[in-house]
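Structural overview
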Amino acid sequence: MTSLREYAIENGLLPLANEAALTAYDDATEAFRLGGSRSELLRALMALGVSADTARWHAQYPGNRMAAMTTSDDVDTLVDATQ
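Conventions adopted
Residues numbered from 1 in each chain as written. Predicted model: local features only at pLDDT ≥ 70, side-chain atom pairs only at ≥ 80, totals over all residues. Heavy atoms only, no water. Helix = DSSP H or I, 4+ residues; strand = E, 2+ residues; numbered from the N terminus. Buried < 20%, exposed > 50% of the residue type's maximum accessible area, 1.4 Å probe, protein only. Contact = heavy atoms within 4.5 Å. Areas by Shrake-Rupley, 256 points an atom, 1.4 Å probe, with all protein chains shown as cover. Salt bridge = Lys/Arg side-chain N within 4 Å of Asp/Glu carboxyl O. Core = buried A, V, L, I, M, F, W, Y, C linked by side-chain atoms within 4.5 Å. 1 Å grid on protein atoms, 1.4 Å probe; cavity = no way out; pocket = protein on both sides within 12 Å on 5 of 7 lines; lining within 4 Å. Points joined across faces, edges and corners; volume = space filled by probe spheres on them. Nonpolar A, V, L, I, M, F, W, Y, C, P; charged D, E, K, R; others polar.

Another point: the overall build of the chain. Counting secondary structure elements, the chain contains 4 helices and 3 strands. Of the regular secondary structure in the chain, the N- to C-terminal order runs α-β-α-α-α-β-β. Out of the 83 residues belonging to the chain, those deemed buried represent 31%. Partitioning the contacts of the chain with sequence separation of at least 6, the portion at a separation of at least 24 is 52%. Put simply, the chain shows about 5,100 Å² of open surface, and 51% of that area lies on carbon and sulfur atoms.

Here you go:
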């Protein structure tokens with residue numbers, strides 16, 4: 001059986017631990033888009049468990065976001081954060 005994390009990765013989604021992580025992801029990417037520092041963005045994304053390659057991608061493209069999915073057992077939420 002495929003885990004939610006594996007499913008997310010296989011389908012090009014950003015797997016995050018829970019709803020709070022989704023909010024933190026949104027806050028970090030929005031702050032960077034509005035002129036926040038690259039180091040703060042990278043630190044915030046790495047704290048969420050985002051891979052270094054994915055974090056660097058975000059730093060290269062301010063305002064661009066990935067669709068994210070929570071991977072907790074009790075929540076199966078898909079958030080389209082590509083707006």
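There is more to say, and it comes next.
Applying the stated rule across the entire model yields 4 salt bridges. A salt bridge links Glu30 to Arg33; the shortest N-O distance between them is 2.6 Å. One end of the pair, Glu30, and the other, Arg33, are both in helix H2 (residues 19–33), 3 residues apart, so they sit about a helical turn from each other. For Arg56, the salt bridge identified is with Asp53, shortest N-O distance 2.4 Å. Of this pair, Arg56 and Asp53 both sit in helix H4 (residues 52–60), separated by 3 residues, roughly a single helical turn. Note on Asp53: relative accessible area 54%, which makes it exposed. Three or more residues are tied together by salt bridges with common partners; here these are Asp26, Glu30, Arg33 and Arg65.

Moving on, we get to the nonpolar core. Membership of the largest hydrophobic core comes to 13 residues, with the highest contact counts inside it found for Leu14, Leu16, Tyr25, Leu41, Leu45, Val50 and Ala68. Broken down by secondary-structure element, the contributors of at least two residues to this core are strand E1 (14–16), H2, helix H3 (38–47) and H4. The element contributing the most residues to this core is H2, with 5 residues. Setting aside anything within four residues of it in sequence, one finds Leu45 in contact with Tyr25, Val50, Ala55 and His58.

A few words on empty space enclosed by the protein. Taken as a whole and judged by the stated rule, the model has 1 cavity of 30 Å³ or more. Estimates place the volume of the largest cavity at around 30 Å³. Tallied by class, the residues present in the lining of the largest cavity amount to 3 nonpolar, 4 polar and no charged.

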